[in-house]
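# Overview (structure and organization)
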Amino acid sequence: MKKILILTGGGDCPGLNAVIRGVAKRARKEKDWEVYGSIEAFNGVLNEPQEIVKLTSKRTAGIHVKGGTILKTTNKSNPIKFPVTQADGSIKFMDRSDELVAKLKKLNFEAVINIGGDGSQKISKVLYDKGIPVIGVPKTIDNDLSATDMTFGFQTAVQIATDSFDKLVTTAESHHRVMIMEVMGRDAGWIALHTAIAGGAEICLIPEIPYDVNKLVKRIDLRYTKGRGFVNIVIAEGAKPKAGVITASAGEKGSEHVRLGGVAYQLSKQLKDAGCKVEIRETVLGHVQRGGTPSAFDRVLASAFGVKAFELALEKNFGRMVALRNNTITSVTLEEATREPNFVKHENTYLLKAARGLGISFGD
Ligand code: F6P
């Protein structure tokens, strides 16, 4: 029997289980393949005893509708920068990639399918360069991978954010308030931009366009003197004022990343300090954007990615990441997949044009 290994790394997102099922169902059609999953990203391989489970049809049946990942995940065990707690409680990062490569080679998998975002695909590339037959599958609610037109999970996050925004509009209107809703996305403003257009926001603040607080106050004033008398703002967690810094706190022990979050409160204070007299309320959506059942779109995209990933393995076409491009499921090299992030950066991005055309202010 030939064996294939699947794992999910980094933050979870809706659609991970649909990819796992897609790989497993497609593999079963070949009769001579068995599908395995590593628990908690590469920890399942690195840990002693190893935690590798056989993905039988019983384990994968119906999981495409479930959020999260049946294989569990972590963003604190990058094998290239693995956090190791020292005697004094401090953390040192170690490169365990050679150990991982040796263990993977011993396990003798025909292919390793690494489902994850930019960080995970960088790991895929290192392992591939060290001789592991890796195939990447792009996931993230942030949609910040440039080699694919869309990552799965993003569309579900936008829907959750839009549903929440709609609820905030009705209460903003009743109370004549300014409502600030903070969404995720790290350094990319895609969730905020989509939500602002879908929800009909007055103001949308994204990391790619630093904002001027005084301009925002003027815009809000206008809405109270000549407009509908309430304001709904969407702000991305990585947004920052022109003269200011990003709001972030140190990551948890062992995490390579700073934790974003809290810009809604920062903006609220900035608006008040700049003379905004109306009542302001803040909502930080947080991890609800990553939870729950995937949308139909994300189930379809994730399932198609899973099928494609297995087919790449069948063709022995390794060192690639599956991608959606021009309505086709295709693949790109891991080199291309990790070359540059996907940010809202060009004034000709059709979404930016649409948003500006609709009168949404970016505070610039
Ligand atoms: O990358 C996905 C994401 O949800 C970001 O939008 C967010 O900043 C981050 O992960 C949160 O990570 P954690 O789950 O570690 O708090």
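It should be emphasised that the depicted structure is a prediction, and the values quoted were computed from it without experimental measurement.

### Remarks on the pairing of strand β4 (residues 82–85)
Every regular strand shows the same layout, with side chains that alternate between the two sheet faces. With 4 bridges joining them, β4 and strand β5 (residues 91–94) adopt antiparallel strand pairing. When the bridges of β5 are listed, P83 appears paired with F93. Taking the residues between adjacent antiparallel strands as the criterion, β4 and β5 are bridged by 5 residues, where G89 takes a positive phi near 90°.

### Structural notes on the layout of surface pockets
Of the volumes computed, that of the second largest pocket is approximately 330 Å³. What lines the second largest pocket is a set of 17 residues, among which N143, D149, W190, N342 and T349 lie closest to the centre. Going through the elements one at a time, α7 (190–199) and α12 (350–357) are the ones with two or more residues in the lining of the second largest pocket. Taken together, the residues of the lining of the second largest pocket sort by class into 7 nonpolar, 7 polar and 3 charged.

### So, the site of the ligand
Taken together, the neighbourhood of the ligand is formed by N75, I141, D142, M184, G185, R186, E237, H287 and R290. Backbone polar atom of G185 to an oxygen atom of the ligand: 3.1 Å apart, as the coordinates give it. Computed on the free molecule, the ligand has an accessible area of 400 Å², of which 80% lies beneath the protein chains in the complex. In terms of residue class, the shell around the ligand is made up of 2 nonpolar, 3 polar and 4 charged.

### Points about α12
Within α12, burial applies to L351, L352 and A355. Take α12 and look down its axis: the buried residues cluster within an arc of 100°, on one side only. Exposed and facing more than 90 degrees away from the buried side of α12 are Y350, K353 and G357. Among the structural elements, α7 are those in contact with the buried residues of α12. G359 occupies a position one or two residues after α12 and carries a positive phi of about 90°.

### Description of the environment of I20
With respect to the helices and strands, the residue I20 is situated in helix α1 (residues 16–28). Sequence spacing of I20 and I70 is 50 residues, and the spatial spacing of their C-alpha atoms is 8.7 Å. Discounting chain neighbours no more than four positions away, the residues touching I20 are I6, T8, L55, T60, I63, T69, I70, L71 and I115.

### A word on the pattern of salt bridges
A full pass over the atoms with the stated rule returns 20 salt bridges. Across the pair E110 and K316 runs a salt bridge whose closest N-O atoms are separated by 3.7 Å. Taken together, the residues E110 in the loop between α4 (97–107) and β6 (111–116) and K316 in the loop between α10 (296–314) and β14 (320–325) connect sequence positions 206 residues apart. Several salt bridges share partner residues, and in doing so they unite E48, R96, E99 and K103 into one network.

### Some remarks on the domain arrangement of the protein
Taken domain by domain, the protein comprises domain 1 (2–152 + 294–337) and domain 2 (156–290). Inter-centroid distance (C-alpha atoms) of domain 1 to domain 2 is 33 Å. At the interface, 18 residues of domain 1 touch 15 residues of domain 2. For the pair domain 1 and domain 2, the two sides together bury roughly 1,500 Å², of which 54% comes from carbon and sulfur. The largest share of the area that domain 1 buries against domain 2 comes from K76, I141 and D142, three residues that together contribute 38% of it. Note that R290 is salt-bridged to D12, the shortest N-O span being 3.0 Å. Counted by class, the side of domain 1 that touches domain 2 contains 7 nonpolar, 5 polar and 6 charged residues.

### Comments concerning the environment of D98
For D98, the position within the fold is in helix α4. With 18 residues separating them in the primary sequence, D98 and I80 have C-alpha atoms 8.9 Å apart. A polar contact of 2.8 Å, which involves the side chain of D98, links it to the side chain of K130.

Definitions and cut-offs
- Residues numbered from 1 in each chain as written.
- Predicted model: local features only at pLDDT ≥ 70, side-chain atom pairs only at ≥ 80, totals over all residues.
- Heavy atoms only, no water.
- Pairing = 2+ DSSP bridges.
- Helix = DSSP H or I, 4+ residues; strand = E, 2+ residues; numbered from the N terminus.
- 1 Å grid on protein atoms, 1.4 Å probe; cavity = no way out; pocket = protein on both sides within 12 Å on 5 of 7 lines; lining within 4 Å.
- Points joined across faces, edges and corners; volume = space filled by probe spheres on them.
- Nonpolar A, V, L, I, M, F, W, Y, C, P; charged D, E, K, R; others polar.
- Near = heavy atom within 4 Å.
- Polar contact = N/O pair within 3.5 Å; in protein donor to acceptor, adjacent residues only side chain to side chain.
- Areas by Shrake-Rupley, 256 points an atom, 1.4 Å probe, with all protein chains shown as cover.
- Buried < 20%, exposed > 50% of the residue type's maximum accessible area, 1.4 Å probe, protein only.
- Arc of directions from axis to C-beta.
- Contact = heavy atoms within 4.5 Å.
- Salt bridge = Lys/Arg side-chain N within 4 Å of Asp/Glu carboxyl O.
- Domains from an automatic or database assignment.
- Buried area = accessible area lost by both parts, 1.4 Å probe.

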